[in-house]
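Observations on chain architecture
What follows is each chain in one-letter form.
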Amino acid sequence: MWTGMSNVFVWKIETATSLKVYLDNWNILTTHWLRHVCYMRAPFLNTLLTFILSALWHGLFIGYYVTFVSAAFFVEAGRKIRQNIRPLFQSSRTLKIVYEVISFLGTQIGLAFLVLSFVILHWEPTIRFHSSFYWCCHIVIGLILIVLPSRRSPRPQLQKEQQHENGIEKPQHDLPKDAEEVIGDGDARPRKREVMFVQKS
């Protein structure tokens, strides 16, 4: 009951080791709404479109769009790090702790850069701030997105299409739902409806 009424999990936010974990535990109900309304329905660029919708939800100040568009790329970079780098640190407890500490520090630094434009809201101060740091955070994120490969598995629909193109189709052993219905047709005993299956060419 209490979990369903909570909109922020403070401890998970303060100890977040990725931007995704942070966002999943901040403004939870809005995040849930964005996930089901936009992320799960967008045909492409799910993360970017979801963050743009979130920026629209906040308002029209340019700072919101700088923050949320940048956050979309930060989240994608974090996903690639977890897919490619994290497995290298899972062989021992010490390496796991090292990875968690580095991830925590990287998340906090990234948030510091992202939140500033959200607070300032205006274009010139935002550009002046990032220029003073030579856009280092954005450059690092860009390099991560370019260098690290994406290991995301294709969506179920794409998997079905690929199987169909390769001539691999799952045999349909189960009867349709209405074929399992037991009907009476005047006989003393009920019997299952006969169904004819036609293989598609």
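As the structure is a prediction and not an experimental result, all values here were calculated from the model. (Residues numbered from 1 in each chain as written. Predicted model: local features only at pLDDT ≥ 70, side-chain atom pairs only at ≥ 80, totals over all residues. Heavy atoms only, no water.)

As for the overall build of the protein
Basically, it comes down to this: A run of DSSP states H or I qualifies as a helix once it reaches four residues; a run of E qualifies as a strand once it reaches two. Both are numbered from the N-terminal end. We call two residues in contact when some of their heavy atoms are within 4.5 Å. Accessibility throughout is a Shrake-Rupley quantity obtained with a 1.4 Å probe, and a residue counts as covered only by protein chains that appear here.
Assigned secondary structure in the protein consists of 10 helices and two strands. Reading the secondary structure of the protein in the N-to-C direction produces α-α-α-α-α-α-α-α-α-α-β-β. Of the contacts formed within the protein by residues at least 6 apart in sequence, a portion of 52% connects residues at least 24 apart. If you sum the accessible surface of the protein, you get close to 14,900 Å²; carbon and sulfur atoms cover 64% of it.

Description of the UniProt feature "transmembrane region" (unreviewed entry) in the protein
The line we're drawing: UniProt positions are given in the numbering used here, feature names are shortened, and annotations may be inferred rather than shown by experiment.
Per the UniProt record, "transmembrane region" (unreviewed entry) is annotated on residues 49-76, 97-120 and 132-150. Its end C-alpha atoms 35 Å apart, residues 97-120 is made of 100% helix and 0% strand.

Quick look at helix α7 (residues 93-120)
Inclusion rule: Between the first and last residue of a helix there are one fewer steps than residues, each counted as 1.5 Å, and that sum is the expected span. A simple rule labels every residue: compare its accessible area, found with a 1.4 Å probe on the protein chains alone, to the largest value its type can have, and call it buried under 20%, exposed over 50%, or partly exposed in between.
The end-to-end C-alpha distance of α7 is 41 Å, a good match for the 40 Å that 28 residues give at a rise of 1.5 Å each. When α7 is considered as a whole, its buried residues turn out to be Tyr 99, Ser 103, Thr 107, Gly 110, Leu 111, Phe 113, Leu 114 and Ser 117. Against α3 (19-24), α6 (62-84), α8 (123-132) and α9 (136-147) lie the buried residues of α7. Immediately downstream of α7, the backbone of Leu 121 shows phi near 75°, a positive value.

Considering the environment of Ile 120
Residue position: Ile 120 is located in helix α7. Judged by its relative accessible area of 27%, Ile 120 falls in the partly exposed class. The spacing of Ile 120 and Ile 62 is 58 residues in sequence and 9.5 Å in space, taken between C-alpha atoms. With sequence-adjacent residues up to four places away left out, Ile 120 is seen in contact with Pro 125 and Thr 126.

Topic: unusual backbone geometry
Within the chain, Leu 45 stands out as a residue other than glycine whose phi angle is a positive 50°. With respect to the helices and strands, Leu 45 occurs in the loop between α4 (28-39) and α5 (46-58). Its identity as a non-glycine residue notwithstanding, Leu 121 has a phi of 75°, on the positive side. Along the polypeptide, Leu 121 turns up in the loop between α7 and α8. On the basis of relative accessible area, Leu 121 is assigned to the buried category, the value being 16%.

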